[in-house]
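Per-entry structural report
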Amino acid sequence: MASSARRKVATKLRIAVAVVFFLGALLENSVRASEDEPPVISYINREALGKKILPDFASVHLGESVPEQYRAAANGFARLWQEHVTGIKGYDTVKDVPFTLIVPDKIDESVFGGNEPKIREFLLEHVVPGALVEVKDQNTYLNLNQHPVHVNLSCFDMLMAYEINQSAKVLTKRNITENLSLVFIVGNLTESDVQSSSTNKFNKRNIQETNRYNEPQRLEMKNTTKELASNKENRIGQHLMNFLTGMKSGTKVFQHFLTNSNLSQLMDDSSYMVFIPSDTAFQRWHPIDWGFYPFSVQEFTETVLRNHFVRTKQPLRMADLRATHAEQRFKTLGGEYIVLKNKPSPNVNNVTILSDYTLSNGIEVFILSEVLFVSEAVVSRLHQMHKDKETPPLLAFPWFGAQFLSHSFLALERDTRFTQITRFLNTAEIAQFISGSNYTFFVPTDEAFERYSFDLLPDSVLGSEKGIKMLLNHFIRGRLYDRDLKDGELIDTIGGMPVKIQRSFENTVRVNSARIVESEVFVYNLGTMFYVDDVLYPDLLKDEVKAITDMKSVDRNIPDSGSDAYTTEQNPPITDRLTSTTFRSLYGLLTTNADVELVPLEVTESSKRNSDESNSQFQDDEIITPKALPLRYFYGPKK
């Protein structure tokens, strides 16, 4: 009896232990699965997810549509496609869907070894469904292998350039037909070893979703806080920083840049030679009053600093340099080469060495008269990629307190596509709402205004409270880049009405019903303009337009807009019909205070107060991205 009871207890115990092990195994698998789960990626061409489609290249002839220097690469890729595409099973060939071919500069067919599946894998890896209209930093696409194709901005040979998947440098892009674009690269997207062996791969805009600032975060510190970084500071960095702190003058700019860099994370206990440009050397590149400052590009500054450090077994002392007549060649941490010579005076890359110091831990420090590897050509090319960082001249007109508005007005005034918006800006008193900088402006073209007959409206309507409100619905407080215009987001305008962003499969972007026809027109570092083909919230002035068109239908002799139709005549003719003077009197009744929609408080007093507070809180050179509104029902404006 007792043994039977013991057997039952033992059986229950074994069952309990088995259940515990089973549950533990399930928990471990679930944790492992969650850890291995790939991060969610926002693809621009997400409509291609799961689709097996191939482009139809049968009718495409590259020919002279491809620049001569890239023609051999394009023809080589096309030949490889024609020879092996028939072996790709399970894919449908389509004609009306845009595609982008990422064409390697050189294709070494020997690495395939005649392996057909490997060749087909290579081809599908370099084809992206959808039009890769713009190679933009932080854009991610799906290729035909359903793998991510990520574009980022990196530094190559002291110059900023785009690369794909951190392994292939982008050379240029070419639109061949309406449904075919070519992007030419150095390397290819299947070279997995390139990423690990490459140097100078910097992620330009490492921005988390919660970080609304558009300035790049500190490089290579994705999971490191400032406190942790300071704890990891090695003794080499400490000795150098102590030296710079002890210098009374001459090296403060270099010290500032070094403090804000990650260079100390790369330094070990080896021996180093450090070349420090003087403050005067850096000041050469600082604009006297306004212009482009290359060291405002953080990645460029980081690369410049790396090329002023040399890791060596035995640092070259000044006495050794003076004693030898041979050139001494070294490679910097940034991958560039420097040459030290004694004649005509001690110099490095023909830059004069002003003085030298030997630190207690053996580091050799040279003070230079110029910054190495920075020239007018380098800065000019860098400027072309960073026009959003250029400092503007101070304008006293048209609106001294509204620099973004003033520079935008002057830029649009020189473009024949924007005569209506410049008339609008010149008439409506909105400078009080658009004061200072850090704005985004959606600019309608003349065709957009003429579509609603707004070109017929007199200045008095454009300058009315309704007109001001409609105009303010084209401005957003905060500087937006193209990458910030995310599909489905709602963003409040200064006029108080929201705009909805829509990004299509072909990467066409709409703001409400308006399609963006030109993106990222930078107004120096003050803000951004986007040119659109429609007016936002045109219903605000539809009654005024209707009154104008109705009156014109009664009196066809009323002059068109642009003539002196709304000025007072000295001796108006007497007639039985409605005259232009009668029309002007009636129009005056149409614009009385009783009939004009009042601008909400947040557009008048509150907006002005908020604008003043915003400008006092943020510096002019800060770039603030507005936070999108929470998801809610949205009704597009009626046309």
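Residues numbered from 1 in each chain as written. Predicted model: local features only at pLDDT ≥ 70, side-chain atom pairs only at ≥ 80, totals over all residues. Heavy atoms only, no water.

1. A short note on the overall build of the protein chain
Note the threshold: Secondary structure counts use DSSP, requiring at least four H or I residues in a row for a helix and at least two E residues in a row for a strand, with both numbered from the N terminus. Accessibility here uses a 1.4 Å probe with only protein chains present; expressed as a share of the type maximum, an area under 20% marks a residue as buried, one over 50% as exposed, and anything in between as partly exposed. Contacts were defined at the residue level, with two residues in contact if any of their heavy atoms lie within 4.5 Å. All accessible-area figures derive from a Shrake-Rupley calculation using a 1.4 Å probe, and residue coverage is judged against the displayed protein chains alone.
Helix and strand counts for the protein chain stand at 19 helices and 23 strands. Residues classed as buried in the protein chain amount to 47% of the 639 residues present. Within the protein chain, contacts between residues at least 6 apart in sequence are counted, and of these 68% link residues at least 24 apart. In the form shown here, the protein chain has an accessible surface area of approximately 32,800 Å², with 52% of it arising from carbon and sulfur atoms.

2. A look at the pattern of salt bridges
The following threshold applies: For salt bridges, the criterion is a side-chain nitrogen of Lys or Arg within 4 Å of an Asp or Glu carboxyl oxygen.
Following the criterion strictly, the structure yields 13 salt bridges and no others. In this structure, R79 engages E109 in a salt bridge whose closest nitrogen and oxygen atoms are separated by 2.5 Å. Placement of R79 in helix α2 (residues 68-84) and of E109 in the loop between β3 (99-104) and α3 (116-125) is noted, with a sequence separation of 30 residues between them. We classify E109 as partly exposed; its relative accessible area is 34%. Among the charged side chains, a salt-bridge network with shared partners connects R79, E83 and E109.

3. What about unusual backbone geometry?
That bond from K343 to P344 is cis: its omega, -5°, falls within 30 degrees of zero. Mapped onto the elements of the fold, P344 is located in the loop between β13 (337-341) and β14 (347-348). Cis geometry marks the peptide bond from F397 to P398, where omega comes out at -5°. The phi dihedral of F373 falls on the positive side, at around 65°, and the residue is not glycine. Within the fold, F373 resides in the loop between β16 (364-368) and α11 (376-385). Phi at N438 takes a positive value of approximately 70°, unusual for a residue other than glycine. Within the secondary structure, N438 is located in the loop between α13 (419-427) and β17 (439-444).

4. Some remarks on the sheet that holds β17
Stated formally: Two strands are said to pair when DSSP picks up at least two bridges between them. Throughout, an axis means a line fitted to C-alpha atoms (over the contacting stretch in the case of helices), and angles, computed between N-to-C directions, take values from 0 to 180 degrees.
Pairing within the open sheet is mixed, and its seven strands lie in the order β18-β17-β23-β22-β21-β20-β19. The two strands at the open ends of the sheet, each matched to only one other strand, are β18 (475-477) and β19 (490-492). The mean angle between the axes of side-by-side strands here comes to 30°, regardless of whether they run parallel or antiparallel. With three bridges joining them, β17 and β18 adopt antiparallel strand pairing. Following the sheet pairing, F441 is matched in β18 by F475. Running over the sheet, helix α12 (residues 403-413) touches β17, β18, β22 (514-523) and β23 (527-532) and is turned about 40° from β23.

5. Description of the nonpolar core
Heads up, the condition is: In plain words, nonpolar cores are sets of buried Ala, Val, Leu, Ile, Met, Phe, Trp, Tyr and Cys residues tied together by side-chain atoms within 4.5 Å.
Membership of the largest hydrophobic core comes to 59 residues, with the highest contact counts inside it found for I421, L425, I430, I434 and F475. Broken down by element, the residue count for this core peaks at five residues, all from α12. In this structure, V304, L359, V365 and V371 belong to the second largest nonpolar core, which totals 33 residues.

6. Observations regarding the pairing of strand β20 (residues 498-503)
Both β19 and β20 contribute to a ladder of three bridges, which runs antiparallel. Bridge assignment links D492 to a residue of β20, and that residue is P498. In this structure, the hairpin formed by β19 and β20 is closed by a connection of five residues, where G496 is found at a positive phi of approximately 100°. Examined bridge by bridge, β20 and strand β21 (residues 509-511) share three bridges and lie antiparallel to one another. By the bridge assignment for β21, R503 is matched with V509. Taking the residues that link successive antiparallel strands as the turn, the β20-β21 hairpin has five residues, and the phi of N507 there is positive, at about 70°.

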